[in-house]
Amino acid sequence: MTIRTLALASATTSLQDHRLALGAFLAPGASVLERRAGVCYYPGAADLTGASALQANVAPFIAVVDGTSNSLQGQIIVVVDANEPLTFSAGEASVARTDRVVLQVRDNAYDASGSTDARVVVVKGNTSTGAANPVPASSILLWEVTVPIGASSITFASARTDKRTWTGTPMRIPVNSSTERDALPTIPGLEVLRLDTGNVEQYWSGAWRQISGGGGLGTPTLSMVGTLITGTGKTRFYNDSGQALTIKSVRASVGTAPTGASILIDVNLSGTTIFTTQANRPAIAASGFTSGLVTNMNVTSWPNGGYLTVDVDQVGSTVPGGDLTVQIAV
């Protein structure tokens, strides 16, 4: 079969059809028919905590497992609705051992395993070298646990290494506040929609960064076409988003570079400069084309209804420069 559907007569829609078609609601994977395998994010999902000397529990979670025994096996959605108890073997006599905790799908129709189920299991490390053993087919790795030499108990809080891979639908995660955002895992590329500000933010390089403005305002851009002259800006850009916005940076650039002297630009919020420290104003050096990204504004809060204007405080003394663009990131 090359065309598969959901919601047609059950006699003509197979389990394989269902699995492949459900991929429409899952995050993209490595190829057109694959979906991203991993744990669906929720605080504490699939967490590993100690229960006794050699026993631990894996907390409830929902996951997507990519069937790897066959290219058309599809994706299997697994729901673990209660703590899954695990028992680890005691430590080896001469080497520390790395055990792996995995979610495994056994699918006899594809892997001839003799079983059709899903389970959370411990894949015991090599007893001679201590190295971790491979993850089985159609599985996702959740944790690695170091079992010390000769151990009769394991301190799971320090012995575990988080190997969970997070997945989800192609949607951004909506959050009500920065507190909810900061409770999410710090996964590079993770995006949230802030319901309190309307901003889209992305986690990258150790911090959350805003990647689009609240209310769809975007990046205000003020331009002056032609040869520059000094003067007070008259063109206004209003904040009509319905909320206060934060000015993140300013960049000035020109199509014709100045010579003899630099260009100095000022940005005003409702008639008052945001560069109280005037030495911080965006400056385009002689023969240059941009001020670079300027982030040391003194005033950054742009209230709803407030407006921005741009002044040209200085131009080149030989060639003034021309075709100015000022981008203000919010």
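Residues numbered from 1 in each chain as written. Predicted model: local features only at pLDDT ≥ 70, side-chain atom pairs only at ≥ 80, totals over all residues. Heavy atoms only, no water.

So what's going on with the pattern of salt bridges? Which residues, and what values?
Per the stated rule, a full pass over the model turns up 11 salt bridges. Between Asp117 and Arg106 there is a salt bridge, with its nearest N and O atoms 2.6 Å apart. Residue Asp117 is located in strand 8 (residues 116-123), and its partner Arg106 is located in strand 7 (residues 97-107); the two are separated by 11 residues in the primary sequence. Exposure remark for Arg106: the relative accessible area of 18% places this residue in the buried category. For Arg194, the salt bridge is made with Glu201, and the minimal N-O distance between the two is 3.1 Å. The class for Glu201 is buried, based on a relative accessible area of 7%. (Salt bridge = Lys/Arg side-chain N within 4 Å of Asp/Glu carboxyl O. Helix = DSSP H or I, 4+ residues; strand = E, 2+ residues; numbered from the N terminus. Buried < 20%, exposed > 50% of the residue type's maximum accessible area, 1.4 Å probe, protein only.)

If you had to explain the nonpolar core to someone new, which residues and values would you point to?
Formed by 29 residues in total, the largest nonpolar core has its most connected members in Val58, Phe61, Leu103 and Leu142. Mapped onto this core, the elements with two or more residues apiece are strand 3 (55-58), strand 4 (61-66), strand 5 (75-80), strand 7, strand 9 (139-147) and helix 3 (156-159). Looking at this core element by element, the count peaks at five residues for strand 9. When sequence neighbours within four positions are dropped, the list of residues in contact with Leu142 reads Val39, Val58, Phe61, Val101, Val102, Leu103, Val120, Thr161, Asp162, Lys163 and Arg164. Core analysis: the second largest hydrophobic core is formed by 25 residues, Ile247, Val294, Met297 and Val330 among them. (Core = buried A, V, L, I, M, F, W, Y, C linked by side-chain atoms within 4.5 Å. Contact = heavy atoms within 4.5 Å.)

Help me get a handle on the packing of aromatic side chains, residues and values and all.
Enumeration over the complete set of coordinates arrives at five aromatic pairs. Pairing Phe88 with Phe156 gives two aromatic rings, centres 5.3 Å apart and planes at 55°, and the pair type is tilted. Of this pair, Phe88 sits in the loop between strand 6 (84-87) and strand 7 while Phe156 sits in helix 3; the two residues are 68 residues apart in sequence, bridging distant segments of the chain. Since its relative accessible area comes to 4%, Phe156 is described here as buried. Aromatic side chains Tyr203 and Trp208 sit 5.4 Å apart centroid to centroid with 70° between the ring planes, which places their arrangement in the edge-to-face category. (Phe/Tyr/Trp six-rings, centres within 6.5 Å; stacked < 30°, edge-to-face > 60°.)

I'd like a description of the side chain of Thr309, backed by residues and values.
Within the element layout of this structure, Thr309 appears in strand 24 (residues 307-314). Among residues more than four places away in sequence, those in contact with Thr309 are Leu222, Gly233, Thr235, Arg236, Asp266, Val267 and Asn268.

How would you sum up a nonpolar patch on the surface? Please name residues and give values.
A surface patch of nonpolar side chains, about 450 Å² in accessible area, is lined by Leu22, Phe25, Ile62, Ile77 and Val79. Here Phe25 lies in the loop between helix 1 (15-21) and strand 1 (38-40). Residue class for Phe25 comes out exposed when judged on its relative accessible area of 54%. (Patch = residues over 30% accessible without salt bridge, like charges linked within 9 Å, V, L, I, M, F, W, Y side chains within 5 Å. Areas by Shrake-Rupley, 256 points an atom, 1.4 Å probe, with all protein chains shown as cover.)

Requested: an account of the pairing of strand 20 (residues 263-269), with residues and values cited.
Taking burial as the measure, the seven residues of strand 20 include seven buried ones, the bulk of the element. Residue alternation in strand 20 divides its side chains into two sets, Ile263, Ile265, Val267 and Leu269 and Leu264, Asp266 and Asn268, and both sets are buried. Two strands pair when backbone bridges link them, and strand 20 and strand 22 (residues 283-284) are joined in this way by two bridges, in the antiparallel orientation. Bridge pairing links Ile263 to Ile284 in strand 22. Where strand 20 and strand 24 come together, six bridges link them in antiparallel fashion. The residue bridging Asp266 from the neighbouring strand is Asp311, located in strand 24. Across two bridges, the pairing between strand 20 and strand 21 (residues 272-273) is antiparallel. (Pairing = 2+ DSSP bridges.)

Could you give an account of the sheet that holds strand 25 (residues 322-329), naming the residues involved and the relevant values?
Taken in spatial order, the three strands of this open sheet run 16-25-19, and their pairing is antiparallel. Single-partner strands in this sheet number two, and they are strand 16 (221-227) and strand 19 (249-256). Put simply, the sheet's adjacent strands are angled 10° from each other on average, direction ignored. Bridge analysis of strand 16 against strand 25 gives five bridges, and the strand direction is antiparallel. Each residue of the ladder has a partner; that of Met224, found in strand 25, is Leu324. (Axes fitted to C-alpha atoms, helices over the stretch in contact; angles between N-to-C directions.)

So what's going on with the environment of Ile140? Residues and values would help.
Of note, Ile140 is situated in strand 9. A residue is classified by how much of its surface remains accessible, and Ile140, at 9% relative accessible area, is buried. The residues contacting Ile140, other than those within four sequence positions of it, are Ala37, Gly38, Val39, Ala63, Val64, Val65, Val101, Val102 and Leu103.

Which residues make up the pairing of strand 2 (residues 48-52), and what values go with them?
Here strand 2 runs beside strand 3; their pairing, made up of four bridges, is antiparallel. Bridge assignment links Thr49 to a residue of strand 3, and that residue is Asn57. Connecting strand 2 to the next strand, strand 3, in antiparallel fashion are two residues.

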